[in-house]
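# Structural features, examined
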Amino acid sequence: MNKASMICAYVIAFLLKPVLDGIIPGNMGTGNILLCLTSVLVFLYDEYVPVILTGTVFALLDDLVYGLYCGPEALGTLAVCCAIITAKYIFNNENYVNAFIVLIVSTWLAYSVEWGVYHFAGVTYSYAYMLKSIPVSVIVNTVIGMVVYFVLHNRIRKRRYDKYYDR
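To start, this report covers the structure provided alongside it. Quantities reported herein were computed from a predicted structural model and do not represent experimental measurements.

About the thresholds
- Residues numbered from 1 in each chain as written.
- Predicted model: local features only at pLDDT ≥ 70, side-chain atom pairs only at ≥ 80, totals over all residues.
- Heavy atoms only, no water.
- Helix = DSSP H or I, 4+ residues; strand = E, 2+ residues; numbered from the N terminus.
- Expected span 1.5 Å × (residues − 1).
- Polar contact = N/O pair within 3.5 Å; in protein donor to acceptor, adjacent residues only side chain to side chain.
- Patch = residues over 30% accessible without salt bridge, like charges linked within 9 Å, V, L, I, M, F, W, Y side chains within 5 Å.
- Areas by Shrake-Rupley, 256 points an atom, 1.4 Å probe, with all protein chains shown as cover.
- Salt bridge = Lys/Arg side-chain N within 4 Å of Asp/Glu carboxyl O.
- Phe/Tyr/Trp six-rings, centres within 6.5 Å; stacked < 30°, edge-to-face > 60°.
- Buried < 20%, exposed > 50% of the residue type's maximum accessible area, 1.4 Å probe, protein only.

## With respect to helix 5 (residues 96–121)
Its 26 residues give helix 5 an end-to-end C-alpha distance of 37 Å, which sits within 8% of 38 Å, the value for a rise of 1.5 Å per residue. For helix 5, the capping residue at the N-terminal end is N95, with a side-chain oxygen 3.2 Å from the backbone nitrogen of V97. Positive backbone phi, at 110°, marks G122, one or two positions downstream of helix 5.

Right, here's the structure in full:
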């Protein structure tokens, strides 16, 4: 994926985020398209530094435009990227089950880091209250992330006629 198409994908995800926030009524939890896109791109591609920088910048921009405080989503995205880089060397990134597990754990980790930042900033709700909205967010993020993973995985999967195809 070249940088222009990656930035275009992030701009589209940034613009679609408020639409996704309005799909699920109430305060039950929503999906985070930027987190899903960053998680999948870091998990799939070997050159993940531009993805981490772009994802963090767009997460910070998301905090500035839509957030209550500036920075919690960016810190959550950085924590998720570090965890995915570690998991990338343990799990096979071409397996759908591993991508499913990574998306679930990345959603939980991002929201936990964001809660930690909010807690230190003085927000009074507890971790248990935050966990109440996690299941719906995990479901929505996993569905979105698996769609993105399926589309991108089919584009970069190694074929037999590729130069570096290992059997």
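## Things to note about a nonpolar patch on the surface
A contiguous nonpolar surface patch, about 570 Å² in accessible area, is contributed by V97, F100, I101, I104, V105, W108 and L131. At six residues, helix 5 tops the list of elements feeding residues into the nonpolar patch. Looking at where L131 falls in the secondary structure, it is placed in helix 6 (residues 127–131).

## Some points on the packing of aromatic side chains
In this structure the tally under the stated criterion is nine aromatic pairs. A ring pair is formed by Y10 and F58, whose centres lie 5.5 Å apart and whose planes are at 15°; its orientation type is stacked. Taken together, the residues span a long stretch of sequence, with Y10 in helix 1 (residues 3–21) and F58 in helix 3 (residues 49–66) at a distance of 48 residues. When its relative accessible area of 12% is taken as the criterion, F58 is described as buried. Linked through ring pairs, Y10, F14, F58 and Y66 together constitute an aromatic cluster.

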